[in-house]
Amino acid sequence: MQELAWYLTVLLVAATAAVFAMVRWQSDLAADYGGVQRSAYRIRDRLFWVLLGVGVPIMALTLWDLPYVRAGAPAAPQVVTATGFQWYWDLGRTSVVTGQPVEFQITSADVNHGVGLYDADTRLLAQAQAMPGYVNRLRYTFERPGKYRLMCLEYCGLAHHDMISELEVKLP
Amino acid sequence: MRPDPQMPSLDVAARRTIAANLAVTGLVLLLMMLVGLLLRLTQAGWLGLEPDLFYQFMTVHGVGMVGIAALGGASVMWYFLSQYVRLNSGVLAANLVLFLIGVVMILGADLIGGFAAGWTFLYPLPARSSGVWGTAAAAWHLGGLLLIGVGFLLVCLEIGRALVSSYGGLGRSLGWPQLFGTSMADPPPPTVVASTMVVIVTTLALVAGATIIVLSLVNLMVPSFEIDPLLAKNIIYFFGHVFINATIYMAVIAVYEILPRYTKRPWKSSRVFLAAWTASTTMVLVIFPHHLLMDLVMPRWTMVLGQVLSYTNSFPVLVVTGLGALAIVHRSGIRWDMVSGLLFLAMFGWMAGVVPAVVDATIIVNSVMHNTLWVPGHFHFYLLLGLVPMIFAFMYYVTADRQDATSEDYDRWALRVYIAAGLGFVVMFLYAGRHSVPRRWAVHLPEWVLYDQLASIFAVLVLLAAGLFVWRFLVRVPRLLAAG
């Protein structure tokens, strides 16, 4: 997902830059504004329909399967409670197995924290906020065994960057 | 065409206040850029700030940048709106005084008192630092914020009063009679429409911000008085999102006013333009849940709304204003100098900066991008390359002399450096975000340090170029005071 976000951004920013460069390049020429304006309106109208045509399927695609657990849904087979403290994580268990959904039940005992689930290559796999008085339910199914890390992703004070805990994922 | 910066409607007092506002904006901007550089140097391993000082600086940098964005944006809006409505410049001066008092309070609270809860001051962090800072420091910081907010609220109320007085209501100054076909009269000019939008949304944001600040202050004094943390977070992000967006809507007035003067092409309020601003007025108020997409207990419909409206909100004003700016420049024979060059850059930065923002507002992307360096990547994109160049362009514009060029060779070189290094700087944030580097970490893992080092080099260059822009403004301020 990160790669898709990156390349899409690079592509669209580059396209925007190309349009600006072209307009800058041709700005020394002098043309009747009426004609330019009519072209701009035509482009604007087409752009509107293009954005609508592209935007609706993107919405359908991206909103189809959201990373949220519905309220009242039964817990997943493996549950890891994660409670944030300044500045450490208290985990109900530190070992889970691959292939079965894991439900992280995340809360905080003091201020806002955030659980970022990182793999061995320090790639962020999923995350949820940890807030006092609330339990956020985050589900993830590990495919590969290994050492994973939980890092704090909400600024919480002096040792925010030290809030790292390990989670071991084993084969069943 | 030589631009004519003379604004007969501005009296000497107003000119002095605008000059003082811009001078403070420029100097604080440089100071905050320097602080930001220190943060990046520390993450790069080239400077050894201790975490307590790092987070104090991080807090100062965040609050300071939002503050000067508003101060600079308000200066642009006030200057050009004065052509159409009668404003009391004493209010703008009062805002500056309150701003400066607030800045002193915040600097004292953060750098002496050790307060470091970030610009977001998420409840209950101000009151729960585990002994790092005291209640008094938190109270001084929040009190300073409150004073600054009151100053900007006064500005909004004064502009709102003037708009109602001149146009007969905010609906009229938004151009609703023309939009809905009940009037054939000329619609209000773009500056009036944009200012109306700013007044409406900023007033609501400031009232919300003041509410949560006061509630947090009460909690500091009476710890048994508790606030729902999720409610507090919603209010804070409503305030923060709307306020920072409003600063861009203030500053973009420079584009509406200056580009037509440079190209001799009018920028009129068409019905599409009016519809876009009305749509954005509504949408900017309701899309803040995209800051809470990882608060999984939030109602699902608010998250879906946050994503959908983030997409739709980005397009009306941006496409209308962005394409409008491109059309007005295209084959216009425009003369390129620092003013037109910076404004053109600003339109690019604003439009392109929306791309990573919208990408991150997509829930399934947000789950692997939220609170990584992707986030400062997107907002630095449209602030460093969008809003700030609008303010720099305005600084050059108001100090231009009809007998003298507005740009020398070193200005143009500085602009090239600013563009290249600015792009490099924001791309390093985005690239680090792609690689999952968390934001707001005082100490980075070894595999992230290279991104920080490259970003630090770009930041030095940006600071040097920005320093030249501000210096050029300061030495030419007498022209602004003498004009008119």
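Criteria and cut-off values
- Residues numbered from 1 in each chain as written.
- Chains lettered and ligands numbered in written order.
- Predicted model: local features only at pLDDT ≥ 70, side-chain atom pairs only at ≥ 80, totals over all residues.
- Heavy atoms only, no water.
- Pairing = 2+ DSSP bridges.
- Helix = DSSP H or I, 4+ residues; strand = E, 2+ residues; numbered from the N terminus.
- Axes fitted to C-alpha atoms, helices over the stretch in contact; angles between N-to-C directions.
- Salt bridge = Lys/Arg side-chain N within 4 Å of Asp/Glu carboxyl O.
- Buried < 20%, exposed > 50% of the residue type's maximum accessible area, 1.4 Å probe, protein only.
- Parallel < 35°, antiparallel > 145°, perpendicular 65-115°, else oblique.
- Left-handed = near helix turned anticlockwise from the far one by under 90°.
- Contact = heavy atoms within 4.5 Å.
- Nonpolar A, V, L, I, M, F, W, Y, C, P; charged D, E, K, R; others polar.
- Domains from an automatic or database assignment.

A. The sheet that holds strand E7 (residues 136-140) of chain A, seen in detail. Residue and element names in this part refer to chain A. Across the sheet, which stays open at both edges, the four strands sit in the order E2-E1-E4-E7 with mixed pairing between neighbours. In the strand order of this sheet, the two ends are held by strand E2 (88-91) and E7, each with one partner. Going across the sheet, the axis of each strand differs from the next one's by a mean of 25°, ignoring polarity. Pairing between strand E4 (residues 102-108) and E7: five bridges, direction antiparallel. Paired with Ile 106 across the bridge in E7 is Asn 136.

B. Up close: the pattern of salt bridges. All names here are of chain B. Taken as a whole and assessed by the stated rule, the structure comprises twelve salt bridges over all chains. Among the salt bridges present, the one from Asp 452 reaches Arg 40, with a minimum N-O distance of 3.0 Å. Here Asp 452, found in helix H17 (residues 449-482), pairs with Arg 40, found in helix H1 (residues 12-43); they are 412 residues apart in sequence, far enough to count as distant. Of the two residues, Asp 452 and Arg 40, both sit in the buried class. Among the ionic pairs, Asp 337 bridges to Arg 335, the shortest N-O distance being 3.1 Å.

C. Representation of the packing of helix H2 (residues 33-63) of chain A against helix H11 (residues 300-314) of chain B. One can describe the packing of H2(A) onto H11(B) by two numbers: an axis separation of 11 Å at closest approach and a directional angle of 155°. Looking at the two axes, H2(A) sits roughly antiparallel to H11(B). Judged by the sense of rotation from one axis to the other, the crossing of H2(A) with H11(B) is right-handed. Residues Ile58(A), Met59(A), Thr62(A) and Leu63(A) of H2(A) lie in contact with H11(B), whose contacting residues are Val304(B), Gln307(B), Val308(B) and Tyr311(B). A breakdown of the residues in the contact of H2(A) with H11(B) according to their chemical character gives six nonpolar, two polar and no charged.

D. Region of interest: the domain arrangement of chain A. The assigned domain composition of chain A is domain 1 (2-63) and domain 2 (78-170). For domain 1 of chain A versus domain 2 of chain A, the separation of C-alpha centres amounts to 40 Å.

E. Just unusual backbone geometry, in detail. The linkage connecting Gln86(A) with the following residue, Trp87(A), adopts the cis geometry, with an omega of 5°. A cis amide bond, omega 5°, links Tyr123(B) with the succeeding residue Pro124(B). Residue placement: Pro124(B) occurs in the loop between helix H3 (89-112) and helix H4 (135-167). A positive phi angle, near 60°, is found at Thr122(A), a position not held by glycine.

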